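Each chain is listed here by its residues.
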Amino acid sequence: MKYLYCISLCFILSTYCAPSKYMKKVNHRFQRDLTIKVSGNVPSNYHELKKIETHNKFFDIEYQYIYADSSMLYISNAKTFTFPNYSNIKNMNSDESILRLEDDDLIVETNILLMEHGKVPLPRASYNMTFGGIDEDGLFWKDIKYGDIYIGYLNVPADKKELFDNSLDSFVIK
């Protein structure tokens, strides 16, 4: 009986601890004032990985994992160019979505000037924000803001939504 129990336990542990054939572990490093390490799992069947950078090799970078069905998963700290879900968030037209699209660094600078002159500061976006929905083509999208890091997906069909949600849930930012 103990032998059967040990075999069952080993099988369960190896099943849950083994890396998924549907996911691939990725690690990215962003640097602005501090170094930020982002790690998680992306669906493994991407056919292209794009790295978009503007100013230098450490900040204003976006990694785009592109799939054959036009789904895309992105990881970004970019502030100087439009990110993939910009139009989806803009179409929400809520107070929170408007704050998400504003340049937080500019708001901070403006608020310093406003407060120096006794004026009320402008509202700022929350540190963590999540937006999601279905686009005009019936495909799913999601955008998550963790401070200066943005992770999301778009153009995801219903049958792959859970896979992409699990991917976003796997990310750790240090």
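Look up a bit, the structure's there.
Before going into details, it helps to say that this report is about the structure given with it. Model, not experiment: these values are computed from the prediction. (Residues numbered from 1 in each chain as written. Predicted model: local features only at pLDDT ≥ 70, side-chain atom pairs only at ≥ 80, totals over all residues. Heavy atoms only, no water.)

**A short note on unusual backbone geometry**
- Unlike most non-glycine residues, Ser70 shows phi in positive territory, near 80°.
- With respect to the secondary-structure elements, Ser70 resides in the loop between strand S4 (61–66) and strand S5 (72–76).
- The exposure class assigned to Ser70 is partly exposed, which follows from its relative accessible area of 38%.
- Residue Asn155 is not a glycine yet carries a positive backbone phi of 60°.
- Tracing the chain through its elements places Asn155 in strand S8 (residues 149–156). (Helix = DSSP H or I, 4+ residues; strand = E, 2+ residues; numbered from the N terminus. Buried < 20%, exposed > 50% of the residue type's maximum accessible area, 1.4 Å probe, protein only.)

**Focus on the nonpolar core**
- Counting 20 residues, the largest nonpolar core has Val42, Tyr65, Leu73, Ile75 and Phe171 as the members making the most contacts within it.
- Elements supplying a minimum of two residues to this core: strand S1 (23–31), strand S2 (35–43), S4, S5, strand S7 (140–146), S8 and helix H5 (161–169).
- Looking at this core, the element that brings in the most residues is S8, giving four residues.
- Once residues lying within four places of it in the same chain are set aside, the contact partners of Tyr65 are Val26, His28, Val42, Tyr46, Glu48, Leu49, Ser71, Met72, Leu73 and Ile75.
- By size, the runner-up hydrophobic cluster in this structure holds nine residues, among which are Tyr74, Met129, Phe131 and Leu154. (Core = buried A, V, L, I, M, F, W, Y, C linked by side-chain atoms within 4.5 Å. Contact = heavy atoms within 4.5 Å.)

**As for the sheet that holds S2**
- A sheet is described by the order of its strands in space; here three strands give the open sequence S1-S2-S9, paired in antiparallel fashion. Bordering the open sheet on either side are S1 and strand S9 (172–173), each of which pairs with just one other strand.
- Bridge analysis of S2 against S9 gives two bridges, and the strand direction is antiparallel. When the sheet's bridge partners are listed, Val38 is paired in S9 with Ile173. (Pairing = 2+ DSSP bridges.)

**A short note on the pairing of strand S6 (residues 128–134)**
- Where S6 lies against S7, seven bridges are found, and the strand directions are antiparallel. Note that in S7 the partner of Thr130 across the bridge is Ile144.
- Joining the antiparallel neighbours S6 and S7 is a turn of five residues, in which Gly138 adopts a positive phi near 80°.

**Quick look at the pattern of salt bridges**
- Throughout the structure, instances matching the rule amount to four salt bridges.
- One salt bridge in this structure joins Lys51 and Glu53, with 3.9 Å as the shortest N-O distance.
- A salt bridge links Lys161 to Asp165; its shortest N-O distance comes to 2.6 Å. With Lys161 and Asp165 both in helix H5 and four residues apart, the pair spans about one turn of that helix.
- Using a relative accessible area of 25% as the deciding quantity, one classes Lys161 as partly exposed.
- The buried category is assigned to Asp165, whose relative accessible area is 14%. (Salt bridge = Lys/Arg side-chain N within 4 Å of Asp/Glu carboxyl O.)

**Here we look at the side chain of Asp165**
- Separated by 2.6 Å, the side chains of Asp165 and Lys161 make a polar contact.
- Excluding anything up to four places from it in sequence, Asp165 contacts Lys142 and Tyr153. (Polar contact = N/O pair within 3.5 Å; in protein donor to acceptor, adjacent residues only side chain to side chain.)

**Quick notes on the sheet that holds strand S3 (residues 48–53)**
- Strand order in the open sheet formed by six strands is S3-S4-S5-S8-S7-S6, with antiparallel pairing between adjacent strands. Each edge of the open sheet carries a strand with a single partner, namely S3 and S6. Here the strands of the sheet are splayed against their neighbours by 10° on average, with no regard to which way each runs.
- Pairing between S5 and S8: five bridges, direction antiparallel. Within S8, the position partnered with Leu73 by the bridge is Tyr153.
- Sitting on the sheet, H5 is in contact with S5, S7 and S8, with an inclination near 175° to S8. (Axes fitted to C-alpha atoms, helices over the stretch in contact; angles between N-to-C directions.)

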